[in-house]
Amino acid sequence: MPLDATPIPIELRGLRIALLVSGGIAAYKVVDLASALSQAGCQVRVAMTAAAMRFVGPPTFQGVTGKPVATGIWPADGTPEPHVFLGDWAQLILVAPATANVIGRIADGRSDDIVTATLLAARCPVVIAPAMNDAMWAKPALQENLTKLRHRGITVVEPETGHLASGHEGAGRLAGASAILNAMVHGIRARYDLAGRRVVVTAGGTREPIDPVRFISNYSSGKMGFALAAAAADRGAKVTLITTANHPEHNGIDVQRVDTAEEMLAELRSQLRGSDLLLMAAAVGDFRPAKASDRKIRREETPSLTLELEPIPDVVASLAAEPAFATVFRVGFAAEDSKLDAKAMEKVKRKGLQAIVANDISRRDIGFGSEYNAGVLLFADGARHELEKATKRELADKILDLVLPRLKR
Ligand code: C5P
C-alpha cells in the first residue's frame, strides 16, 4: 500500500515526530509518509544526511511538513544547536530509510552529522526502518549493529523481501507503511499512553476584581494543575492549561491565561469540545464582589468600605449540565479540613463529576504552595484510591494512571 494511503493510528496523532532520513533510494517513499503524518495532525520535522539530499531535496520535505528541514549540526534558521533542539522537541523519532552506514554510525555512538547527533541528543523512543541491498542486509556486521540497537531499546522494522533497486530479489526493501506505523505505535505506547487524547486542565486561584488594582483570590499556587498538565503532555496528550498563575515553559502545553471564574468558564466552553478529560484543579472562588468599581477606590475618599459579595456559580457543575460536554471525563479537586471522603463524594454528585481528588488541608506538609501533595482519589462508582504523599508531579502521574483506563476509546 502506498505510504500516504495508509490510515494514521490515533496514537500518533498530534505527536511531535522527528523523521531522520539517510541516503537510500527509499528516501523518496518517505516523503509520502511525512505528508500523511502531517495531514493526520502530527507535527513532523525532518533532518537529512548529506547523502539523503542526493536523493530528495530538503524543499520537498519542507513542502509536505510545513517546517524547515535540518541539514547540519551548525546553527541555522535561528536555532543554535539544531540536533539538541530536535532531540528535546521530539516525542518520537523515526529513522527512515536507515542505511547500513547510518546504522553502523548509530551503533558506534557517532554524532558527526544531524541524524546521528539528533539521536544522541534524543530523550524519546526511536524506531528505525532499514532499507538496503540484500547482500548488505545479510552481512554479520550489519546484523550485529542492529542487535546492539535493539538491546538499547530501539525498535527495528524488518525490511520486506522483493525487488530491490539494485535489480536483485531479496530482503532489504523499506518496510511497508502499516509495518512502520505499527512499529511507531509500539515504540510510543508505553511512554505515550495519552497520545491522541485531548486534556484540559485548570489551575490557580481565580481573581475577582474589587477595582482595577485589587482583587479577591486565594492561596492556590497552580502547581498541582501545572504538574497534571506537564504529566499529560509528557505522556503524549494535547494539553490546554487554563490558568490564573504563571508557569514554567513546557513543550506540548497550550497555556490560556484567565483571571475570573467567568473567564475560566468561557475559556473552558471554547476548549472543552472534543476533549477526553477535564482536570479541574483550579481553586475557583466561592464569592466575588457584587459590583467591581471601574475606578481605583481611593483611601482619601473612602473612610470605610463594605464589600457586598455574591456567590460565584459553580463552573464545573455548569459544564456538566451542558450536553456538548457530556462525554468529557470530569475530575474535580477538593480541599477539605475534615470528613474528606464524605464531603468529596457529596461534591461528585452535586457537581456531576466522574471522580474527585480530595486533599486534607489541615496537614501542614502538603497542599497550597507546596511541592508535595497527598489525598484520596474517589470515583463516582465508589472506587477509592489512597494517594500517598509524593511530589505533585508524581501524584499527577498516579492520578493519570488511575483515570486513563476509565476514558472512552
Ligand atoms: O466546592 P469546592 O470549591 O470545594 O469544589 C472544588 C471543585 O469544584 C474544584 O474542582 C473546583 O475547580 C470546582 N469549582 C468550580 N466552580 C466553583 C467552585 C469550585 O468549578 N465556583
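Residues numbered from 1 in each chain as written. Predicted model: local features only at pLDDT ≥ 70, side-chain atom pairs only at ≥ 80, totals over all residues. Heavy atoms only, no water.

## Description of the site of the ligand
- Among the 13 residues in the neighbourhood of the ligand, the closest are listed as Met 280, Ala 282, Val 315, Phe 333 and Lys 347.
- Backbone polar atom of Met 280 to an oxygen atom of the ligand: 2.7 Å apart, as the coordinates give it.
- With respect to the ligand, the backbone of Ala 282 contributes an N or O atom lying 2.7 Å from an oxygen atom.
- Considering the ligand on its own, with 450 Å² of exposed area, one finds that the protein chains cover 89% of that surface.
- Secondary structure elements with two or more residues in the shell around the ligand: helix H12 (315–320), strand E16 (329–336) and helix H13 (340–351).
- Residue composition of the shell around the ligand, by class: eight nonpolar, two polar and three charged. (Near = heavy atom within 4 Å. Polar contact = N/O pair within 3.5 Å; in protein donor to acceptor, adjacent residues only side chain to side chain. Areas by Shrake-Rupley, 256 points an atom, 1.4 Å probe, with all protein chains shown as cover. Helix = DSSP H or I, 4+ residues; strand = E, 2+ residues; numbered from the N terminus. Nonpolar A, V, L, I, M, F, W, Y, C, P; charged D, E, K, R; others polar.)

## Thoughts on the pairing of strand E3 (residues 92–98)
- Counted residue by residue, E3 has seven buried out of seven residues, so it is predominantly covered.
- With four bridges connecting them, strand E1 (residues 16–21) and E3 associate as parallel partners. Bridged to Ile 17 within E3 is Leu 92.
- Summarising the sheet, E3 and strand E4 (residues 126–130) pair through four bridges and their orientation is parallel. For Val 95, the partnering residue across the bridge sits in E4 and is Ile 128. (Buried < 20%, exposed > 50% of the residue type's maximum accessible area, 1.4 Å probe, protein only. Pairing = 2+ DSSP bridges.)

## Digging into the sheet that holds E1
- Reading across from one edge, E2-E1-E3-E4-E5 is the order of the five strands in this open sheet, with parallel pairing throughout. Each edge of the sheet is formed by a strand with only one pairing partner; in this case those strands are strand E2 (43–48) and strand E5 (155–156).
- Docked against the sheet, helix H3 (residues 58–65) engages E1 and E2, running at close to 175° with respect to E2. (Contact = heavy atoms within 4.5 Å. Axes fitted to C-alpha atoms, helices over the stretch in contact; angles between N-to-C directions.)

## Focus on the environment of Lys 408
- Mapped onto the elements of the fold, Lys 408 is located in the segment after helix H14 (392–403).
- Spatially, the C-alpha atom of Lys 408 lies 8.5 Å from that of Phe 329, the residues being 79 residues apart in sequence.
- Residues within four places of Lys 408 in sequence aside, it is in contact with Arg 197 and Thr 327.

## Brief notes about the pairing of strand E19 (residues 384–391)
- By the bridge criterion, six bridges tie strand E18 (residues 372–379) to E19 in an arrangement that is antiparallel. Bridging across to E19, Gly 375 finds its partner in Leu 387.
- Between E18 and E19, which pair antiparallel and follow one another directly, the connecting turn spans four residues, one of which, Gly 382, has a positive phi of 100°.

## A look at the environment of Pro 9
- Counting through the fold element by element, Pro 9 comes out in the segment before E1.
- Between the alpha carbons of Pro 9 and Leu 37 there is a distance of 9.6 Å; along the sequence they are 28 residues apart.
- Beyond its immediate chain neighbours, meaning those up to four positions away, Pro 9 contacts Leu 181 and Val 185.

## Remarks on the packing of aromatic side chains
- A full pass over the atoms with the stated rule returns one aromatic pair.
- Above the plane of the ring of Trp 89 lies Arg 45, whose end atom (NZ or CZ) is 5.2 Å from the centre.
- One Lys or Arg, Arg 406, reaches over the ring of Phe 379 and ends 3.8 Å from the middle of that ring. (Phe/Tyr/Trp six-rings, centres within 6.5 Å; stacked < 30°, edge-to-face > 60°. Lys NZ or Arg CZ within 6 Å of the ring centre and 35° of its normal.)

## Concerning the side chain of Asp 211
- Structurally, Asp 211 is set in strand E9 (residues 208–211).
- Judged by its relative accessible area of 3%, Asp 211 is buried.
- Within polar-contact distance, the side chain of Asp 211 engages the side chain of Arg 214 at 2.4 Å.
- A distance of 2.9 Å separates a polar side-chain atom of Asp 211 from the backbone nitrogen of Ile 297.
- Beyond its immediate sequence surroundings of up to four residues, Asp 211 is in contact with Ser 293, Arg 295, Lys 296 and Ile 297.

## Concerning the packing of helix H1 (residues 27–39) against H3
- Axis separation between H1 and H3 bottoms out at 8 Å; the angle between their running directions is 20°. Taken together, H1 and H3 sit at an angle that is classed as roughly parallel. The crossing of H1 and H3 is right-handed. On H3, the residues touching Ala 27, Val 30, Val 31, Ala 34, Ser 35 and Ser 38 of H1 are Thr 60, Phe 61, Val 64 and Thr 65. (Parallel < 35°, antiparallel > 145°, perpendicular 65-115°, else oblique. Left-handed = near helix turned anticlockwise from the far one by under 90°.)

## Considerations on the domain arrangement of the chain
- Examined at the domain level, the chain breaks down into domain 1 (16–189) and domain 2 (198–406).
- The C-alpha-based centres of domain 1 and domain 2 are spaced at 42 Å.
- The interface of domain 1 with domain 2 comprises four residues on the first partner and four residues on the second.
- Roughly 230 Å² is buried in total at the junction of domain 1 and domain 2, and carbon and sulfur atoms are behind 30% of that figure.
- Area buried by domain 1 at its contact with domain 2 is led by Arg 16, Trp 89 and Gln 91, which between them contribute 92% of it.
- Counting across the interface, domain 1 meets domain 2 through zero residue pairs in polar contact (both at pLDDT 80 or more). (Domains from an automatic or database assignment. Buried area = accessible area lost by both parts, 1.4 Å probe.)

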